[in-house]
Amino acid sequence: MVRKEDVKLQPTARGMRSGVYMGWDGDAPTRCLDALVHEIDPGAVTTIHRHSWDAQTFVVEGSGWTEIDGVRHDWKPWDAIHIPAWSWHRSGNDGGKTARFMSYSSEPMLWTLGMCLIEDRGHEDVRKLPPRPAFTEGPKGDDPYARRLRRLAQEAKKRRKGRIHTPYDEQDLLATPRGTRTKFLVDRAIGSEASGITQVMIQFAPGKTQSLHRHPGEAWLYVVEGHGHSFMGTAPDKGEHHRWKKGDLIVVDHYLWHQHFNDDPQNQARLVRVHMFDSILETMRALMDPMVLFEEAEDTLLSMQEVSKIEWPDDRRPEG
Ligand SMILES: [Fe+2]
Ligand SMILES: [Fe+2]
């Protein structure tokens, strides 16, 4: 459990304060993704920069904007933004209170591959900065080089057309058979073209739980609202319970059995689940076959009767 109060925000040369929940620069090294928090004061504008990895944000408080390759996106609480690899980006706050947002990136994965590059250009005009790396369209032909050029050009075009901004109110709330309600924030299902990191907001009904399960890879849950606890163990019956509250990050370590509980009998708990299953789990599946990578304890699933009895409060986000 990474506690909100243990994450120290420090002023940075970018013009915003930043702190590390999980990642190398907070002395909590990771392999796939990292998690940081940032604050931008009213009137502040960050420097413009770009990097070889992609990142995504989740707005916790306040309002502001992020400009990606010269296109401005205005955001409010619970919106998400995807920042594609190599896009020039900067953020600002023209509201009346400090804006706070989380960011998750694939930098550790690119670091693993030795492919991390970052370029900060201060307050230069984006129109004077070099464009994203160019690529070559494939010629006709069936030889391996022609095929590679065509395949990579096609992929690059698709990736450059992905969704950037997800305004919270725009997405549908989906009820799951697990007794939770979910909303995609960054996911292929809503047109995002991220490196594999996805964000989904999960609402736990008052006093309810999710099933006990385990899977490989870093899976994190940011607590947006509410309080509860999570069981984590090396076996379904061998582990410990950890309490959480708003602003904490639940770090589900590799392959631990885990189950999250909403401890509030009156109100829902809201968690944003972040992981890199889309790309990494697919790779792991191929590498680990025939090992089973996702296991769930059936007897911890809610019955349909229980699910149909849940009374959901209004789904309303806070004002920026
Ligand atoms: Fe960035
Ligand atoms: Fe999980």
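Residues numbered from 1 in each chain as written. Chains lettered and ligands numbered in written order. Predicted model: local features only at pLDDT ≥ 70, side-chain atom pairs only at ≥ 80, totals over all residues.

*Asks:* Help me out: how do you make sense of the sheet that holds strand β5 (residues 55-61) in this one?
*Replies:* Backbone-to-backbone hydrogen bonds pair the strands of a sheet. The strands run either parallel or antiparallel. The strand order β1-β2-β3-β10-β5-β8-β12 describes an open sheet built from seven strands, whose pairing is antiparallel. Here the strands that pair on one side only, and so sit at the sheet edges, are β1 (10-11) and β12 (165-166). Across six bridges, the pairing between β5 and strand β10 (residues 99-105) is antiparallel. Within β10, the position partnered with Ala55 by the bridge is Ser105. (Pairing = 2+ DSSP bridges. Helix = DSSP H or I, 4+ residues; strand = E, 2+ residues; numbered from the N terminus.)

*Asks:* Before we go on, may I ask you to explain helix α3 (residues 277-288) in this structure?
*Replies:* Residue pairs three or four apart in sequence face the same way in an α-helix, which turns once every 3.6 residues. In a regular helix each residue adds 1.5 Å, so twelve residues correspond to 16 Å; α3 covers only 14 Å between its end C-alpha atoms and thus falls short of that length. The inward-facing, buried residues of α3 abut β15 (198-204) and β22 (269-275). (Expected span 1.5 Å × (residues − 1). Contact = placed C-beta atoms within 7 Å.)

*Asks:* Is there a simple way to explain the domain arrangement of the chain in this structure?
*Replies:* It is common to give the size of an interface as the accessible area lost on bringing the parts into contact. What the domain assignment reports for the chain is domain 1 (4-128 + 145-159) and domain 2 (165-308). Look at where the C-alpha atoms of domain 1 and domain 2 centre, and you get two points 24 Å apart. At the interface, 21 residues of domain 1 touch 24 residues of domain 2. Going through the elements one at a time, β2 (17-22), β5, β8 (80-83), β10 and α2 (144-159) are the ones with two or more residues in the side of domain 1 that touches domain 2. When residues of the side of domain 1 that touches domain 2 are assigned to their parent elements, the largest contribution, three residues, is made by β8. Residues of the side of domain 1 that touches domain 2, tallied by class, amount to eleven nonpolar, five polar and five charged. (Domains from an automatic or database assignment. Nonpolar A, V, L, I, M, F, W, Y, C, P; charged D, E, K, R; others polar.)

*Asks:* What is the right way to read the nonpolar core from this model?
*Replies:* Most often, soluble globular proteins keep nonpolar side chains buried together rather than apart. Phe58, Trp220, Tyr222 and Val272 are the most contacted members of the largest nonpolar core, which totals 57 residues. Looking at this core element by element, the count peaks at six residues for strand β17 (residues 219-225). Counting contributing residues, this core receives three or more from each of domain 1 (4-128 + 145-159) and domain 2 (165-308). (Core = buried A, V, L, I, M, F, W, Y, C linked by C-beta atoms within 7 Å. Buried ≥ 20, exposed ≤ 12 C-beta atoms within 10 Å, placed from the backbone.)

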